Amino acid sequence: VRVLIADDDAAILHGLRVQLERWGYEPIVCEEGEAARAVLRAPDPPPLAILDWSMPGADGVTLCREIRSTPGLDGTYVVLLTAHDTRDEMVAGLVGGADEYITKPFDWGVLRARVNTGARIAALQQSLAQRVRELQSALDMVNKLSGLLPICSYCKRIRKDERWQQLETYLSEHSEAEFSHGVCPECYERARKEFER
Amino acid sequence: VTAPSSPPCDTGRFIARLGGDAELARQMARAFLGQIDRLLAAVRAAVDSGDAEALRRAAHAVKGSAANFDAAPTVAAAAELEQIGRSGDPSTAGAVLARLEAETARLVSALREFGGLPTCAS
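Let me begin by describing the structure that accompanies this report. Bear in mind the structure is a predicted one, so any value in this text is a computation, not a measurement. (Residues numbered from 1 in each chain as written. Chains lettered and ligands numbered in written order. Predicted model: local features only at pLDDT ≥ 70, side-chain atom pairs only at ≥ 80, totals over all residues. Heavy atoms only, no water.)

1. Quick look at the overall build of chain B
Stage number 1. Per the secondary structure count, chain B includes five helices and zero strands.
Stage number 2. Taken from the N to the C terminus, the helices and strands of chain B come in the order α-α-α-α-α.
Stage number 3. Taking 2.2 N^0.38 as the reference for a compact globule, 122 residues should give roughly 14 Å; the C-alpha atoms of chain B span a radius of gyration of 14 Å, in line with that estimate.
Stage number 4. Expressed as lengths along the three principal axes of its C-alpha atoms, the size of chain B is roughly 40 × 25 × 25 Å.
Stage number 5. Counting over 122 residues, chain B shows a buried share of 48%.
Stage number 6. Across chain B, contacts joining residues at least 24 apart in sequence account for 63% of those joining residues at least 6 apart. (Helix = DSSP H or I, 4+ residues; strand = E, 2+ residues; numbered from the N terminus. Rg over C-alpha atoms; globule rule 2.2 N^0.38 Å. Buried < 20%, exposed > 50% of the residue type's maximum accessible area, 1.4 Å probe, protein only. Contact = heavy atoms within 4.5 Å.)

See the structure below:
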């Protein structure tokens, strides 16, 4: 799992990079806010971000607000890391859209647990989004089948885009149905008589 | 207010918070030493120019950076300067700045020793 880390403190940034790799994550390292913003705006942004509140370029709270107001990015799990340690500041950080607020100095075991929570939630969100996409495409198929179908009264073929298609071909393309071919007793009788003639 | 005789930092606690990785702690101490002069210079420049907002930001950066190493005296002086910056009147900052510089010097020498660097006077 890729994790964006942005902090202008070289010591923290080094610690974050080493620890995240050790914990099995793939850190994307940024030394200031503009670089972090560029990572977030690039295609396929990371699902987790650990952002310092105070850094040059764009600060963590600003980035967090941008994340929350950008479709496609709004599911990013954001941990705000900061030496802003008053109650008002913590509330402001959380109201700004951070999922977690961790004050420096912090316990790295706690950070690890928070990051694991973030990864779990990000994965859940992704699988939910995938499920919604699957349901949507299933629904699209059902919609196609429930429309008005022009069918030939004699040969039972179906008109589609100026072409006449076998009924089973059409149904196979527009549903999950599959066909196994056989002959019913009445048709068998009729075919046998025709054959004997 | 922290007594001047209190230890400049608590590397034992720092290592414990890191989960016991003393080598990573030393690497982080060296990274801190590489940036502290620049951070402190920004605080001094803000005090000299009387720029309250710049002082708040620069002192905040020193506070956050020193907090990693459980450097209570440096953190306390930086927090005081941050508060002075927030108050909008940096005219009283001189004495606190002197204390921050003295505490940071003690911290730097302790972290140089911890990080395995020569502990020459800066």
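2. Some details on unusual backbone geometry
Excluding glycine, most residues fall at negative phi; most peptide bonds, likewise, are trans.
Residues and elements named next belong to chain A.
Stage number 1. Residues K104 and P105 are joined by a peptide bond in cis, for which omega reads 0°.
Stage number 2. Along the chain, P105 falls in the loop between β5 (100–103) and α5 (108–145).
Stage number 3. The phi angle at D161 is positive, at roughly 55°, despite the residue not being glycine.
Stage number 4. With respect to the helices, strands and loops of the structure, D161 is situated in the loop between β6 (158–160) and β7 (163–165).
Stage number 5. D161 gets classed as exposed once you look at its relative accessible area, which sits at 63%.

3. Structural notes on the pairing of strand β1 (residues 2–6) of chain A
All names here are of chain A.
Stage number 1. Burial analysis of β1 places four of its five residues in the buried class, which makes it a mostly covered element.
Stage number 2. Both β1 and strand β2 (residues 26–30) contribute to a ladder of five bridges, which runs parallel. When the sheet's bridge partners are listed, I5 is paired in β2 with V29.
Stage number 3. Note on the crossover from β1 through helix α1 (residues 10–22) to β2: the handedness is right-handed.
Stage number 4. As paired strands, β1 and strand β3 (residues 48–52) are joined by four bridges and run parallel to one another. For I5, the partnering residue across the bridge sits in β3 and is I50. (Pairing = 2+ DSSP bridges. Right-handed = clockwise from strand over helix to strand, strands pointing away.)

4. Some details on the interface of chain A and chain B
Stage number 1. On the side of chain B, 19 residues touch chain A, which itself brings 21 residues to the contact.
Stage number 2. Where chain A abuts chain B, roughly 1600 Å² becomes buried across the two surfaces, and 55% of that area is made up of carbon and sulfur atoms.
Stage number 3. For the interface between chain A and chain B, the tally reads two salt bridges.
Stage number 4. Between the two partners, chain A and chain B, sit 11 residue pairs in polar contact (both at pLDDT 80 or more). (Buried area = accessible area lost by both parts, 1.4 Å probe. Salt bridge = Lys/Arg side-chain N within 4 Å of Asp/Glu carboxyl O. Polar contact = N/O pair within 3.5 Å; in protein donor to acceptor, adjacent residues only side chain to side chain.)

5. Examining helix α2 (residues 22–49) of chain B
Residue and element names in this part refer to chain B.
Stage number 1. For α2, built from 28 residues, the straight-helix expectation of 40 Å at 1.5 Å per residue is met to within 8% by its first-to-last C-alpha distance of 40 Å.
Stage number 2. Two or three places before E23, at the opening of α2, D21 has a side-chain oxygen 3.2 Å from that residue's backbone nitrogen.
Stage number 3. Downstream of α2 by a residue or two, G50 has a phi angle that is positive, lying close to 70°. (Expected span 1.5 Å × (residues − 1).)

6. Focus: the packing of aromatic side chains
All names here are of chain B.
Stage number 1. The full count for this structure, using the stated rule, is four aromatic pairs over all chains.
Stage number 2. By way of ring pairs, the aromatic residues F14, F32 and F69 are connected into one cluster.
Stage number 3. Directly above the aromatic system of F114 lies the positively charged group of R26, at a separation of 6.0 Å from the ring centroid. (Phe/Tyr/Trp six-rings, centres within 6.5 Å; stacked < 30°, edge-to-face > 60°. Lys NZ or Arg CZ within 6 Å of the ring centre and 35° of its normal.)

7. Here's the deal with the side chain of T76(A)
Residues and elements named next belong to chain A.
Stage number 1. Along the polypeptide, T76 turns up in the loop between α3 (60–68) and β4 (77–82).
Stage number 2. A distance of 2.5 Å separates a polar side-chain atom of T76 from the backbone oxygen of L73.
Stage number 3. Beyond its immediate chain neighbours, meaning those up to four positions away, T76 contacts P46, P47, L48, A49, I67, R68 and D99.

8. With respect to the sheet that holds β1(A)
Residues and elements named next belong to chain A.
Stage number 1. The five strands lie next to each other as β2-β1-β3-β4-β5, forming an open sheet whose pairing is parallel. The sheet terminates laterally at β2 and β5, the two strands that pair on one side only. Recorded for the sheet is a direction-independent mean angle of 20° between the axes of neighbouring strands.
Stage number 2. Each of β1, β2, β3 and β4 touches α1; the most contacted strand, β2, lies at about 165° to it. (Axes fitted to C-alpha atoms, helices over the stretch in contact; angles between N-to-C directions.)

Interpretation in functional terms is not warranted from these geometric data alone.
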